Structures are given as C-alpha cells and as structure tokens.
Amino acid sequence: MKLTLRVWRQQNPETPGAMATYEVDNISADMSFLEMLDTLNEELTLAGDEPVAFDHDCREGICGACSLVINGDAHGPERTTTCQLHMRSFADGDTIDIEPWRASAFPVIKDLVVDRSSFDRIIQSGGYISAPTGTAPDAHATPVPKPDADFAFEHAECIGCGACVAACPNGSAMLFTSAKVNHLNVLPQGAPERETRVLDMVAQMDEEGFGGCTLTGECATACPKGIPLPSIAAMNKEWLRATRKVRR
Amino acid sequence: MTCGSVRFGGFRTACRDERDYYLERIYPAFGNLVPRDIASRAAKNVCDEGRGVGPGGQGVYLDFAEAIQRMGRKAVEAKYGNLFDMYQRITDEDPYTVPMRIYPAVHYTMGGLWVDYDLQTTIPGLFAIGEANFSDHGANRLGASALMQGLADGYFVLPSTINDYLARNPHTDTVDAAHPAVAEAVAETEDRINLLLSVDGDRTPDSFHREIGELMWEYCGMARTDDGLRKALARIPEIREEFWRRIKVPGTGEQFNQSLEKANRIVDYLELAELMCLDALHRAESCGGHFREESQTPDGEAERRDEEFSYAAAWEFTATGGAPVLHKEDLVFEYVHPTQRSYA
C-alpha cells in the first residue's frame, strides 16, 4: 500500500505545532497502525530527520499507552486501540490524518505524545483500597455476588488511554473517572472509602481542568474497552449519595 | 495463544507437510498436552527445518477443527472466544474455520535483579519487586505466575519488609547536587548522551535492537549449545563496537527524545545480553525452560544435573565490558526434591 500521512508535528509544549505531510510506500495490510508509523520513523531517522514521537508499550491492546486521533476518530475507524488497528482498515492511496489527543488537561509533550498525568492524579486521589497487612485472607473470606463482580470487572477493563476525553467535545473525563469509581465502589473491599473515593476523584477531575459532561455519549462510542455510558449515571448516583452522607 | 489455552487442550498442532501433527508423532502418550517449553521448541524446530506455514514460514498450525466437531462451536467459544476474537483482529482470519498460525515468542526470562529476603537489592533502600527481581521463579515460569510474583511481592512481602527499612531510616536528607557521587553520575550520563548524539552514523536504534534480539533468540533462546553461546559471546562485542561507530540518534538531549531513549536502552541490552549468554554458557545442564542441547536424555527430554548446578547464579557487576563475578546461592530442598521430568 502507498499512503499519504498528514501528521501533527510539535517540537515541545511551548512551540506551536503544524501538520506535516509524508509519503509511505510498501505498507502491508497486515501491519498494525503503529508498525506503519515505525516504518515511517526508520525512514525519517535515516534521512536525518527526527522521527515522529508517539506513545506505545504493550502493542496488544491492554496497556492504554497508544493514543492517536486518526482521521478525526480517537484510535481510528475501528473500535479498538491504535496498536490493534491494522492497515487493512485503509485503502491503497488513502490520505490519513494523525493527531494527538486534544484536551487542555492533556498538554502535548511532543508531536503525538500528550501528558496524561492528570489521570494518574485522579487515580491517586481515590483509586485505591485500604489493604490490611498481615497474613493473606482466605480467598472465600469476603463473598462477592456474581452480578457485582461482573459490574466491577466491566469497569476494571478501563485501560486509562484517554480516548473518552479525546472524543468528548467538552474534553470531559467523566467516563474514565466513573469507570475507576464504579470498579471499586461496588466491591466490599472498596467499601471503607466508598464516599471519599467518589468525592475526591470527582474533585480532582475538576481541578485538572477536564470539561463538564453533557451526556453527548461520544466517550462510550470511542472507548476501546466498551465502558458503557450508564457508568456515568452510576457515578453520579454514588456522588449524590456521598454528598448526603459525608459532612465536610 | 497463551499457555492457558494450550493447557485446556482440545486442539492439534501441525506443520506444512501433509498436516504433520508433529507433537502427536513425537510425544504419542501426551500428544498436544506437552509442557510449553517442549511445544515451543518443537514449533521452532519444524520452522527451522523449513516446514513452517504462512508468509515467511515462521508459523505452525493450531488446528481446532476436531475440537469444534467434538465439543461443538459453542463450547469452544465459551473457552476461547476472547482469544479467537483477538486472533481474528490481528490476522483477519476466522480461527473457527481455518487453523490458527502460531509461533513461540519470548515474553519472560526467569531472572532479574538479585534481592535479599526483604526484596532489597545490593543498593541499600532500593527494593525490586515483581518481574524485575529474581526471587520467585526457578528454571521455569508456569502460566500466569509473572502476575503471581507481582502480587505476592507487592501485596504480601513488601508491606511486611519495607517498613523495617523505613523504621531504621526514618529520615534521609536529600543528597546535595554538589556531592561527588552525584556529580560523577551526572557527568557519566551526560557524556554517554553526548556521545550517542555525536556519532551521527547510518544505523537506527531499532535496527540494533532487532539484531541483538535475533541473535539472542537464535543462540540464547529456547535451545542452546556451547558452540552457539560462544558465537553469541563473540558477536556481542562486535555489535557493541559497531553500535558506537554507526548509531544515528536524531534530535538533542535537551528535550523529549524517543530515539535517544531507545539508544540508551540498547546500551543496557548489550550488557544484559552478554550476561545472559555468559550465564547460559556456564550452566551446562538443561533445567525447566532452559534447554541445553548437550544435556538431554536419550528421548530428547531436558536432563538435569543437580549435583553440579543446584544453585541460583548471582552475577556481580564489576564494570561495563568487565568480567562479572559469580556468586552461587545453593538451593536446599528439605521436603520435595527435584527429579528428572519424563514424558516418555
């Protein structure tokens, strides 16, 4: 396949960026999108240009590092992570636009790499449980009903990639935060911090400068792990419950 | 494919020639349920013989046809649905109707930083947990236990050991930037970075990464020989010399630079690769996932030599390119004693 790539290039957070155009040839339809970018980067390096910076790690769709807006869609045309998107989703001769996540809470570090440490700080504010030290409890010491376990697991699938924020017209992190809150709040292990977790995580989310939620639903459409939109409603319910219960 | 699905069974492995179900042929008693090191080695062998399938010939078939016929598609879906979906996404082939193509890959190496029982490294205050340390796994690592190590170290061991260190060292002053050790470390790092940037050669960091990876896979991978390991040990210094002569790292050291990061990791990789080959060479036995071709039973099974090698080898770093020093930590078995594995 022969492709024209229009890629966002930005030296550093202070310098304004711009789209740059590159041609790549001999791209196999079985390549992943990131392997296609590797090919471009090898050529750029040998030509003495700086390769395009992009985030990646596991390349098997489970780590949440890759983060590209492809032709306007977070993670591109398929419902998956960028690393699991293959070039067979494109046609020979296509022009592909590649941009970083766009949100004020995700400042660009370089080219296609953005700073997602705001997510880390949301997690730090409440994404934990009190873990008693000492001998390990028996596996069956704390029974968890199957529907609760399934609900927790569905939300635990969030890999924190940030596609929800990138897809949201408001740059809101409600789907991410709700996934983290719901995952722990439904489990008995998460009960001691149930109220403070949701209050603190939502407060941190606001402080980071993420936009407000208007229930547009783009987040749930872009999520590679299928975190459902009602997750946000479940978190709102937790938040309301907590505001009534906790006096601060 | 993970070893989980391999363990559940219900499939057959084959290579190109008239669907040679080679595992069933070589291990008739165990068929396709041999352990992963045997299955992986056998897959590489048939591909090395030129009998692999798919583009490039690096693949063998994992055939579910019989399993689907016997168990029904629904039961297979319940067991492997997630995996089949992943496979279909990657290859654009439907594993319910055509056999999967698989090939072994390195994803774990059973070793790491030496730590004491508190999981502290030789640097006081520096703890290494999970896959980074050597503590839990022996010569083999069975399914999912890389997770086990992360969980056991982080959830059970460290909470009971790090507090002892913290109690003894309640407050440590921040080290002054003018401290000679800091100045030395900073100067050393800056020199290395400047050198990497100044070579301006004609090879990319990725090309070296690939070359060392292929060398390790071939000579220090699932099956090793004295001859092959010596070849690798002769080749690594040559690659190192070539690296410092031909590496090309665009950009500067002043800002985020992924090429520079990769190049730095390759410097480390060369050091680690050399040590792994040296360790593999000195251990002239087969054990667990480490198969030394000279040390096998008449039926091709890994032959242990416990009287000589029943120890963990801890290598002490002396200097880059310098000979590491071997410390042997004897393995003492009180209740269960290692025995020769047999699948005959």
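These numbers come from a predicted model, not from an experiment.

Undergrad: Tell me about the overall build of chain B, residues and numbers included.
TA: In terms of regular secondary structure, chain B is built from 11 helices and seven strands. With respect to the three principal axes, the spread of C-alpha positions in chain B is 70 × 55 × 40 Å. Each of the 344 residues in chain B was classed as buried or not, and the buried ones make up 37%. For chain B, restricting intrachain contacts to residue pairs at least 6 apart in sequence, the fraction spanning at least 24 positions comes to 60%. Here chain B displays about 19700 Å² of accessible surface, and carbon together with sulfur accounts for 55% of that area. Side-chain charges of chain B comprise 36 positive and 56 negative groups, with the mean position of each set lying 7 Å from the other.

Undergrad: Can you explain the pattern of salt bridges? Please cite residues and give values.
TA: If you walk through the whole model with that rule in mind, you get 38 salt bridges over all chains. The partner of Asp97 of chain A in a salt bridge is Arg6 of chain A, and the shortest N-O contact between them spans 2.7 Å. In this pair, Asp97 of chain A sits in strand S5 (residues 95–99) while Arg6 of chain A sits in strand S1 (residues 3–9), placing the two residues 91 residues apart along the sequence. The class of Arg6 of chain A is partly exposed, set by a relative accessible area of 38%. Between Asp206 of chain B and Lys262 of chain B there is a salt bridge whose closest N-O contact spans 3.3 Å. In this pair, Asp206 of chain B sits in helix H8 (residues 205–219) while Lys262 of chain B sits in helix H10 (residues 258–282), placing the two residues 56 residues apart along the sequence. Residue Asp206 of chain B is classed as partly exposed on the basis of its relative accessible area of 22%. A single network of salt bridges, built from pairs that share partners, joins Asp202, Arg203, Glu211, Arg235, Glu238, Glu242 and Arg246 of chain B.

Undergrad: So, the side chain of Ser125 of chain A: which residues are in play, and what are the values?
TA: All names here are of chain A. Tracing the backbone shows Ser125 in helix H2 (residues 117–126). Since its relative accessible area comes to 15%, Ser125 is described here as buried. Those residues within four positions of Ser125 in sequence are excluded, and the remaining contacts are Asp200, Met201 and Gln204.

Undergrad: Go over the domain arrangement of chain A, please, and point to the residues and values.
TA: Residue and element names in this part refer to chain A. For chain A, the assigned domains are domain 1 (3–109) and domain 2 (116–132 + 140–245). At the interface, 20 residues of domain 1 touch 20 residues of domain 2. When the two sides are added together, the surface that domain 1 and domain 2 hide from each other amounts to roughly 1400 Å², 57% of it contributed by carbon and sulfur. Among the residues of domain 1 in contact with domain 2, Arg79, Ala105 and Phe106 are the three that bury the most area, contributing 41% of the side total.

Undergrad: Give a detailed account of the packing of helix H7 (residues 180–199) of chain B against H10 of chain B, specifying residues and quantitative values.
TA: Residue and element names in this part refer to chain B. Contact pair H7 / H10: the axes reach a minimum separation of 11 Å and the direction vectors enclose 110°. As judged from the angle between their axes, H7 and H10 are roughly perpendicular. Every pair of crossing elements has a handedness; the one defined by H7 and H10 is right-handed. Across the interface between the two elements, Arg192, Ile193, Leu196 and Leu197 from H7 touch Leu260, Ala263, Asn264 and Val267 from H10.

Undergrad: Before we move on, can you summarise a negative patch on the surface with the specific residues and values?
TA: On the surface, a cluster of negative charge is contributed by Glu184, Glu188, Glu190, Asp191 and Glu254 of chain B. Along the polypeptide, Glu190 of chain B turns up in helix H7.

Undergrad: I'd like a description of the environment of Pro107 of chain A, backed by residues and values.
TA: Residues and elements named next belong to chain A. As for its placement among the helices and strands, Pro107 is situated in the loop between S5 and strand S6 (108–110). As a C-alpha pair, Pro107 and Asn12 span 95 residues in sequence and 9.9 Å in three-dimensional space. When residues no more than four places from it in sequence are discounted, the contact partners of Pro107 are Val114 and Asp115.

Undergrad: Hey, could you go over the nonpolar core for me, with residue numbers and the actual values?
TA: One recurring pattern in soluble globular proteins: nonpolar side chains tend to sit buried together. Residue and element names in this part refer to chain A. Counting residues in hydrophobic clusters, the biggest one holds 37 residues, and the most contacted among them are Trp101, Phe106, Phe119, Val165 and Phe210. Listing elements by their share of this core, those giving two or more residues are H2, helix H4 (163–167), helix H5 (174–185), helix H6 (194–207), helix H7 (218–222) and helix H8 (230–245). Of the domains in this structure, domain 1 (3–109) and domain 2 (116–132 + 140–245) are the two that each give at least three residues to this core. Here Phe210 is in contact with Ala105, Phe106, Ser118, Phe119, Ile122, Val165, Gly171, Ser172, Ala173 and Met205, once residues within four sequence places are set aside. Ranked by size, the runner-up nonpolar core spans 27 residues in total, among them Tyr22, Met36, Cys83 and Ile98.

Undergrad: Which residues make up the packing of H8 of chain B against helix H9 (residues 226–246) of chain B, and what values do they have?
TA: For any two helices packed against each other, one specifies the crossing angle of their axes together with the interaxial distance. Residues and elements named next belong to chain B. Remark: H8 packs on H9, axes separated minimally by 10 Å, with the N-to-C direction vectors making an angle of 175°. By the angle class used here, H8 and H9 are roughly antiparallel. Contacts between H8 and H9 involve Phe208, Glu211, Ile212, Leu215 and Tyr219 on the former and, on the latter, Gly228, Leu229, Lys231, Ala232, Arg235, Ile236, Ile239, Glu242, Phe243 and Arg246.

Undergrad: Explain H6 of chain A to me, and be specific about the residues and the numbers.
TA: All names here are of chain A. The terminal C-alpha atoms of H6, which comprises 14 residues, lie 20 Å apart, in line with the 20 Å expected from a rise of 1.5 Å per residue. All of the buried residues in H6 are Glu195, Arg197, Val198, Leu199, Met201, Val202, Gln204 and Met205. Buried residues belonging to H6 abut H2, H5 and H8.

Undergrad: Give me the lowdown on the interface of chain B and chain A, citing residues and values where you can.
TA: Frequently, the measure chosen for interface size is the accessible area that the parts lose on association. Each partner contributes to the interface: chain B provides 18 residues, whereas chain A provides 26 residues. Both sides of the chain B and chain A interface together cover about 1900 Å² of buried area, and 54% of this is carbon and sulfur. When the area that chain B buries against chain A is broken down by residue, the three leading residues are Arg89, Gln255 and Phe256 of chain B, summing to 31%. For the interface between chain B and chain A, the tally reads one salt bridge. Measuring nitrogen to oxygen at the nearest pair gives 3.8 Å for the salt bridge that ties Asp92 of chain B to Arg88 of chain A. Counting the contacts that link chain B with chain A gives nine residue pairs in polar contact (both at pLDDT 80 or more). Of all elements in the fold, only helix H5 (73–91), helix H6 (145–168), H8 and H10 of chain B reach the threshold of two or more residues within the side of chain B that touches chain A.

Calculation criteria
- Residues numbered from 1 in each chain as written.
- Chains lettered and ligands numbered in written order.
- Predicted model: local features only at pLDDT ≥ 70, side-chain atom pairs only at ≥ 80, totals over all residues.
- Heavy atoms only, no water.
- Helix = DSSP H or I, 4+ residues; strand = E, 2+ residues; numbered from the N terminus.
- Buried < 20%, exposed > 50% of the residue type's maximum accessible area, 1.4 Å probe, protein only.
- Contact = heavy atoms within 4.5 Å.
- Areas by Shrake-Rupley, 256 points an atom, 1.4 Å probe, with all protein chains shown as cover.
- Lys, Arg positive; Asp, Glu negative; His and termini not counted.
- Charge placed at Lys NZ, Arg CZ, Asp CG, Glu CD.
- Salt bridge = Lys/Arg side-chain N within 4 Å of Asp/Glu carboxyl O.
- Domains from an automatic or database assignment.
- Buried area = accessible area lost by both parts, 1.4 Å probe.
- Axes fitted to C-alpha atoms, helices over the stretch in contact; angles between N-to-C directions.
- Parallel < 35°, antiparallel > 145°, perpendicular 65-115°, else oblique.
- Left-handed = near helix turned anticlockwise from the far one by under 90°.
- Patch = residues over 30% accessible without salt bridge, like charges linked within 9 Å, V, L, I, M, F, W, Y side chains within 5 Å.
- Core = buried A, V, L, I, M, F, W, Y, C linked by side-chain atoms within 4.5 Å.
- Expected span 1.5 Å × (residues − 1).
- Polar contact = N/O pair within 3.5 Å; in protein donor to acceptor, adjacent residues only side chain to side chain.

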